[in-house]
Amino acid sequence: MLIPRHIGSKYGNRVTVKQIARYMNGLGNNGTAKPHSRLAFAFDIDGVLLRGGTNPLPAAKEALSILDGNNKLGLYLCFTALTNGGGASEEERCRKLSSQLGVQIRPDQFIQAHTVLKSIVHNYVNVPVLVLGGKGDTLRKVAEGYGFQKVYTTLDILAWNPSIWPFHSLTEEERASVRPVDFSNIQFGAIFVFHDPRNWALDTQVMCDVIQGIIGGSHETNHTRKPVDLVFCNPDLIWQSDFKAPRMGQGAFRVAFQAVFQASLSFTAKSHREQPDAPFLQSLTGSTYPYIQLGKPTEATYNFAEMMLKHRLEGTWWAVRISHLFLHVTLNFIVTADNPESDIAGANAAGWKSILVHTGVYDPHRGPPSHQPTHQAEDVAEAVRWAIEQEFC
């Protein structure tokens, strides 16, 4: 292989991958650009960098400064934010997070619960989809930014026929966000729960109607109607806000929806026996509706995060210079998070190292975590320092 002259002069003609890596890690002390490490971090946001989505935790800025090369080795450490949150575009979230933390964070460093949908949008480009969660039509715009062409919300459906859920009247702001459509002929191919729904009752009713063909499927029989795909982006049952106790998350909504769906399925079956021509969903299980789960701790989300981190590492100046060696360098991924049920479980399943911090959901005074991390730390700064010590010292 060809060896850069300035490296060969230091080590001679027989240069190993380890020696090149050692040389690259030795740069940066003479005023040149800081070298990058093979160590890559994935940080949860709520409970690790922020509290309640708005207030920076004291150790967050210190941790990010360490990653930016302000460490005794002078290393720049690659990282991404990996959160089960959502509700806005990656660009908007990055602008806000950068302002909160005082560090520039780019969209390719930010993975939220619904970012993974970018990898499957090609399956639904021209298919009508129902998007749930967030305020107004914010997530419609996010979905369209991902590439979905026919995106609708439960507010659109309520505006079309207010009797679908007569217990909610659209506000002026909500009415301004709706898209006028005749849903009697719209055949939905999928329901995506992007973010935590704001109106559980309305959204649950519309979901049941769409799945059972009551909305948009009246001209088809049960045997010819294609099942509607159902995707939840965040499995978290609880999350840590500014309130003293954890709050219910999208995982709780999924449980509630499935309970209602199961109960309504039994009722619909009884109604169908009395009125055979009425729309009726045939279920093989007779219970809950099949769904796809994304978000931490699912394999799909960690695979997506690993791909994003690799792309970011491959784009650094040193990786380009030794790109013919890059595939032989083992990358160490470390997730730093506060929730054993999602973050630590997912990291363990993906073969990543994990550090559980004590600034969020997990309280060490209530007993050991349900999933054992590689290490525990008081906060994110301590976690980063420990990881660097383990990797390089």
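For clarity, every value in this text was computed on a predicted model and none was experimentally measured.

With 13 residues, helix α14 (residues 380-392) should reach 18 Å at 1.5 Å per residue; the first-to-last C-alpha distance of 18 Å fits that figure. What α14 keeps buried is the set Val 380, Ala 381, Ala 383, Val 384, Ala 387, Ile 388 and Glu 391. End-on view of α14: buried residues confined to an arc of 160°, all on one side of the axis. Two or three places before Ala 381, at the opening of α14, Asp 379 has a side-chain oxygen 3.2 Å from that residue's backbone nitrogen.

What follows is about the packing of aromatic side chains. Counted under the stated rule, the structure contains 17 aromatic pairs. Geometrically, the ring pair formed by Phe 333 and Trp 352 is stacked, given 5.1 Å between the ring centres and 25° between the ring planes. Of this pair, Phe 333 sits in strand β13 (residues 332-337) while Trp 352 sits in the loop between α13 (340-350) and β14 (353-357), and the two are 19 residues apart along the sequence. Exposure remark for Phe 333: the relative accessible area of 8% places this residue in the buried category. The structure contains a cluster of three or more aromatic residues connected by ring pairs, namely Tyr 124, Tyr 146, Phe 148, Phe 192 and Phe 194.

When pLDDT is averaged along the protein, the result is 83, and 79% of the positions lie at 70 or above. Of the regions scoring below 50 in pLDDT, residues 1-34 engages in 43 contacts with residues more than four places distant in sequence or in other chains. Taken together, the stretch residues 278-285 has pLDDT below 50 and engages in 19 contacts with residues farther than four places along the chain or on a different chain.

What follows deals with the environment of Leu 170. Relative to the helices and strands, Leu 170 is located in the loop between α6 (154-160) and α7 (172-177). The exposure class of Leu 170 is buried, given its relative accessible area of 14%. Leaving out residues up to four positions away in the same chain, Leu 170 has contacts with Leu 155, Leu 158, Ala 159, Arg 175 and Val 178.

Here we take up the pairing of strand β6 (residues 129-132). Both faces of β6 are covered, namely the face carrying Val 129 and Val 131 and the face carrying Leu 130 and Leu 132. Note: β6 against strand β7 (residues 151-152), 2 bridges, orientation parallel. Looking at β7, one finds that Val 129 is bridged to Val 151. Where the polypeptide runs from β6 across helix α5 (residues 138-146) and back to β7, its parallel neighbour, the crossover connection is right-handed.

Moving on: the side chain of Glu 391. Tracing the chain through its elements places Glu 391 in helix α14. For Glu 391, the side chain forms a polar contact with the side chain of Asn 332, separated by 2.8 Å. Beyond its immediate stretch of four places on either side in the chain, Glu 391 contacts Arg 38, Leu 39 and Asn 332.

What follows covers the sheet that holds strand β9 (residues 229-232). Across the sheet, which stays open at both edges, the 5 strands sit in the order β7-β6-β8-β9-β12 with parallel pairing between neighbours. Of all strands in the sheet, those bounded by a partner on one side alone are β7 and β12 (292-293). Here β6 pairs with strand β8 (residues 190-193) via 4 bridges, running parallel. Considered in β8, the bridge of Leu 130 is made with Ile 191.

Okay, the nonpolar core next. Soluble globular proteins tend to pack their nonpolar side chains together in the buried interior. Counting 35 residues, the largest nonpolar core has Leu 117, Val 129, Phe 148, Phe 192, Phe 194 and Trp 352 as its most contacted members. Counting only elements with at least two residues in this core, the list comes to β1 (36-43), β4 (76-82), β6, α5, β8, α10 (299-314) and β13. Examining the composition of this core, we find that 6 residues originate from one element, α10, more than from any other. Grouped together as the second largest cluster of nonpolar side chains are 31 residues, Leu 39, Leu 49, Ile 355 and Ala 383 included.

What follows concerns the pattern of salt bridges. Under the defined criterion, the tally for this structure stands at 12 salt bridges. Residues Asp 137 and Arg 140 are paired through a salt bridge, measuring 4.0 Å at the closest nitrogen-oxygen approach. For the pair shown, Asp 137 and Arg 140 are each scored as buried. When the shortest N-O distance is used, the salt bridge between Asp 137 and Lys 141 registers 3.9 Å. Put simply, Asp 137, Arg 140, Lys 141 and Asp 156 are held in one network by salt bridges that share partners.

Attention now moves to unusual backbone geometry. Geometrically, the link from Lys 296 to Pro 297 is a cis peptide bond, its omega value of 15° lying close to zero. On the secondary structure map, Pro 297 appears in the loop between β12 and α10.

For the rest of this paragraph, the subject is the packing of helix α3 (residues 58-67) against α14. Two elements in contact, α3 and α14, have axes whose closest approach is 7 Å; the angle formed by their N-to-C orientations is 25°. The orientation of α3 relative to α14 falls into the category roughly parallel. Packed against α3, whose contacting residues are Ala 59, Ala 60, Glu 62, Ala 63, Ile 66 and Leu 67, the element α14 presents Val 380, Ala 381, Val 384, Arg 385 and Ile 388 at the interface. Looking at the contact of α3 with α14 residue by residue, the class counts come to 9 nonpolar, no polar and 2 charged.

Calculation criteria
- Residues numbered from 1 in each chain as written.
- Predicted model: local features only at pLDDT ≥ 70, side-chain atom pairs only at ≥ 80, totals over all residues.
- Heavy atoms only, no water.
- Helix = DSSP H or I, 4+ residues; strand = E, 2+ residues; numbered from the N terminus.
- Expected span 1.5 Å × (residues − 1).
- Buried < 20%, exposed > 50% of the residue type's maximum accessible area, 1.4 Å probe, protein only.
- Arc of directions from axis to C-beta.
- Polar contact = N/O pair within 3.5 Å; in protein donor to acceptor, adjacent residues only side chain to side chain.
- Phe/Tyr/Trp six-rings, centres within 6.5 Å; stacked < 30°, edge-to-face > 60°.
- pLDDT = per-residue confidence, 0-100.
- Contact = heavy atoms within 4.5 Å.
- Pairing = 2+ DSSP bridges.
- Right-handed = clockwise from strand over helix to strand, strands pointing away.
- Core = buried A, V, L, I, M, F, W, Y, C linked by side-chain atoms within 4.5 Å.
- Salt bridge = Lys/Arg side-chain N within 4 Å of Asp/Glu carboxyl O.
- Axes fitted to C-alpha atoms, helices over the stretch in contact; angles between N-to-C directions.
- Parallel < 35°, antiparallel > 145°, perpendicular 65-115°, else oblique.
- Nonpolar A, V, L, I, M, F, W, Y, C, P; charged D, E, K, R; others polar.

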